[in-house]
Amino acid sequence: MTAETGRLPTEWVAAPAAVITAFAALVLLAGVVAAARTPARGGETFATHTVLALELLLAAGLLRLAAVVSVESIATVAAIVAIRRVIGLGIRTGAAASGR
């Protein structure tokens, strides 16, 4: 943390955030593959992987926010969290309704 700004240097958070983002993409890809391999439970499997990938993307975004704190960035994170909640709820509800 720098003494002047109270923020983490950008170079400290860029690489970990990129690794987490790449891992989220791998989790999503694994969900697609797993859903294709198990059609009977494909919807539930894909939903689980998608929600996990969204959580990882949120974590990466919060790491990036640690380097750049502003009113706009906080509003963006709040919007992302709200959208992620709605998407996650829709995915879980749809998977449960399909009975898979």
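In this text the structure is predicted, and so the values were computed from the model without any measurement.

Now for the overall build of the protein. Looking only at helices and strands, one finds three helices and zero strands in the protein. The N-to-C order of helical and strand elements in the protein reads α-α-α. Taking 13 Å as the expected radius of gyration for a compact globule of 100 residues, we find that the protein reaches 17 Å, considerably beyond that expectation. Counting only residues that meet the buried cut, the protein has 24% of its 100 residues in that class.

Our next topic: the side chain of Thr-50. Residue placement: Thr-50 occurs in helix α2 (residues 42-67). At 2.7 Å, the side chain of Thr-50 forms a polar contact with the backbone oxygen of Phe-46. Aside from chain neighbours lying at most four places away, what touches Thr-50 is Leu-28 and Ile-91.

What describes two packed helices is the angle between their axes and the distance between those same axes. Closest axis-to-axis distance for the helix α1 (residues 10-37)/α2 pair is 8 Å, and the angle between their directions is 175 degrees. On the basis of the axis angle, α1 is roughly antiparallel to α2. Taken together, the residues of the contact of α1 with α2 break down into 21 nonpolar, seven polar and one charged.

Conventions adopted
- Residues numbered from 1 in each chain as written.
- Predicted model: local features only at pLDDT ≥ 70, side-chain atom pairs only at ≥ 80, totals over all residues.
- Heavy atoms only, no water.
- Helix = DSSP H or I, 4+ residues; strand = E, 2+ residues; numbered from the N terminus.
- Rg over C-alpha atoms; globule rule 2.2 N^0.38 Å.
- Buried < 20%, exposed > 50% of the residue type's maximum accessible area, 1.4 Å probe, protein only.
- Polar contact = N/O pair within 3.5 Å; in protein donor to acceptor, adjacent residues only side chain to side chain.
- Contact = heavy atoms within 4.5 Å.
- Axes fitted to C-alpha atoms, helices over the stretch in contact; angles between N-to-C directions.
- Parallel < 35°, antiparallel > 145°, perpendicular 65-115°, else oblique.
- Nonpolar A, V, L, I, M, F, W, Y, C, P; charged D, E, K, R; others polar.

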